[in-house]
Amino acid sequence: MLEGGGMRCAFTVGVLDYFLDKQIEFPSVATASAGALIGSSYIAKQRHRNTNLLAAIGKNRDAISIIRLLKKKELFSMDLIFDKLANQTFPLEFQSFSQASTRFIVGTTDINTGRPVFYDQFDKQKDLSAIIRASCSLPVLAPSIAYKGKQLIDGGVSDPIPITPLIEQGLSKHVVVLTRNKNYVKKPTKLNWFYKRLFKEKPELIKLLRNRHLRYNEIMDKIRAMEARNEVFIIQPEEPLEASRIEKSHHKLEALYYQGYQVAQEKHQALLDFLESSEKPSSYVEENLSS
């Protein structure tokens, strides 16, 4: 699992690049939110795409704007990030992505039902791009995405750590990468009043947003229990990351990247021992941008 946390996902990019350098691959990669964007680069084995994307987002003053949030209800410029940067300036090598042996799973949330919707078939690049963008579209900070009759938003809202589809697939070993430190506990939101007003016609979404902390903490308890049974291997920072979801400082993002790379390097042998401790297949789970 790979936890995004917005721009904090620079930590995860460092981990992924170490995996690429050491040719560490998995039969399945489950993602949601920012994990879907950076995870696709990992599947395509594009070593520098994620760092280029983060650097471009950090440098562009229009990529993250409080003023735009107030005017257009969009904190991240989704057109800039996904249409221009991710599709034009630093495009995904879709042929390499499609030919990869790894199954790529992207989690989204149906804004009307409140249920998670997972996708793992991407016949065309435009379909993959639409689903990744939907998975990164956090309510309030970005608009929902219409896709094949559904209105989709951030997958992390309904399933912050999408390990369930991997368990259902029969995989018994899971590598989970977090951008939160070990003792992190998600707290209740203080914006319930705002969600009730903004999404008054979508009660299931309101419930999801109100209870996100409960869902997140419950899943983390489950993952810790799985770790104790040697079913999960966790890679995460020892201390809370000194960067926000909307971090734009080049120095902080670079520091996060190297921190992730170093932690993965330090845990390399332990990871190999974990993967080799059973002949059963393993997976790589990527968590969400918004947790």
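Here, the structure is the one placed above.
Right, let's walk through the structure included here. (Residues numbered from 1 in each chain as written. Predicted model: local features only at pLDDT ≥ 70, side-chain atom pairs only at ≥ 80, totals over all residues. Heavy atoms only, no water.)

### Remarks on helix H2 (residues 34-44)
Inference 1: The element H2 is extensively covered by neighbouring structure, given that 11 of its 11 residues are classed as buried.
Inference 2: Turning to H2, its buried residues number three or more, namely Ala 34, Gly 35, Ala 36, Leu 37, Ile 38, Gly 39, Ser 40, Ser 41, Tyr 42, Ile 43 and Ala 44.
Inference 3: The first or second residue beyond H2 is Lys 45, which carries a positive phi of 60°. (Buried < 20%, exposed > 50% of the residue type's maximum accessible area, 1.4 Å probe, protein only. Helix = DSSP H or I, 4+ residues; strand = E, 2+ residues; numbered from the N terminus.)

### A word on the pairing of strand E2 (residues 103-110)
Inference 1: Of all the eight residues making up E2, seven are buried; the element is thus mostly covered by neighbouring parts of the structure.
Inference 2: Bridging between strand E1 (residues 28-32) and E2 involves five bridges; their strand directions are parallel. Looking at the pairing, Val 29 lines up with Phe 104 of E2.
Inference 3: With four bridges joining them, E2 and strand E3 (residues 116-119) adopt antiparallel strand pairing. By the bridge assignment, Val 106 is partnered in E3 with Tyr 119.
Inference 4: As defined by bridge partners, E2 adjoins strand E5 (residues 150-154) across three bridges and the pair is classed as antiparallel. Its bridge partner lying in E5, Thr 109 is registered against Ile 153. (Pairing = 2+ DSSP bridges.)

### A closer look at the packing of helix H3 (residues 49-59) against helix H5 (residues 78-89)
Inference 1: Where H3 contacts H5, the axes come no closer than 11 Å and their chain directions differ by 130°. The orientation of H3 relative to H5 falls into the category oblique. Both H3 and H5 take part in a crossing whose hand is right-handed. Residues Arg 49, Leu 53, Ala 56 and Ile 57 of H3 lie in contact with H5, whose contacting residues are Ile 81, Leu 85 and Ala 86.
Inference 2: Residues of the contact of H3 with H5, tallied by class, amount to six nonpolar, no polar and one charged. (Axes fitted to C-alpha atoms, helices over the stretch in contact; angles between N-to-C directions. Parallel < 35°, antiparallel > 145°, perpendicular 65-115°, else oblique. Left-handed = near helix turned anticlockwise from the far one by under 90°. Contact = heavy atoms within 4.5 Å. Nonpolar A, V, L, I, M, F, W, Y, C, P; charged D, E, K, R; others polar.)

### Some points on the packing of helix H1 (residues 10-21) against helix H12 (residues 250-266)
Inference 1: Axis separation between H1 and H12 bottoms out at 6 Å; the angle between their running directions is 45°. On the basis of the axis angle, H1 is oblique to H12. At the point where H1 passes H12, the crossing takes the right-handed sense. In this structure, H1 contributes Ala 10, Phe 11, Val 13, Gly 14, Val 15, Asp 17, Tyr 18 and Asp 21 to the contact, and H12 contributes Leu 253, Leu 256, Tyr 257, Gln 259, Gly 260, Tyr 261, Val 263, Ala 264 and Gln 265.

### A word on the nonpolar core
Inference 1: Residues Phe 19 and Phe 97 are the most contacted members of the largest nonpolar core, which totals 77 residues.
Inference 2: With eight residues, the top contributor of residues to this core is H1.
Inference 3: Discounting residues that sit within four places of it in the chain, Phe 97 has contacts with Ser 40, Ile 43, Ala 44, Leu 92, Phe 104, Phe 122 and Leu 128.
Inference 4: Judged by nonpolar contacts, the second largest core, of 12 residues, contains Ile 163, Tyr 216, Ile 219 and Ile 234. (Core = buried A, V, L, I, M, F, W, Y, C linked by side-chain atoms within 4.5 Å.)

### A short note on unusual backbone geometry
Inference 1: Residues other than glycine seldom take positive phi values, yet Val 140 does so here, at roughly 80°.
Inference 2: As for its position among the elements, Val 140 is in the loop between helix H7 (125-135) and strand E4 (145-147).
Inference 3: One non-glycine residue, Asn 230, adopts positive backbone phi at about 65°.
Inference 4: Assignment of secondary structure puts Asn 230 in the loop between helix H11 (212-228) and strand E7 (232-235).

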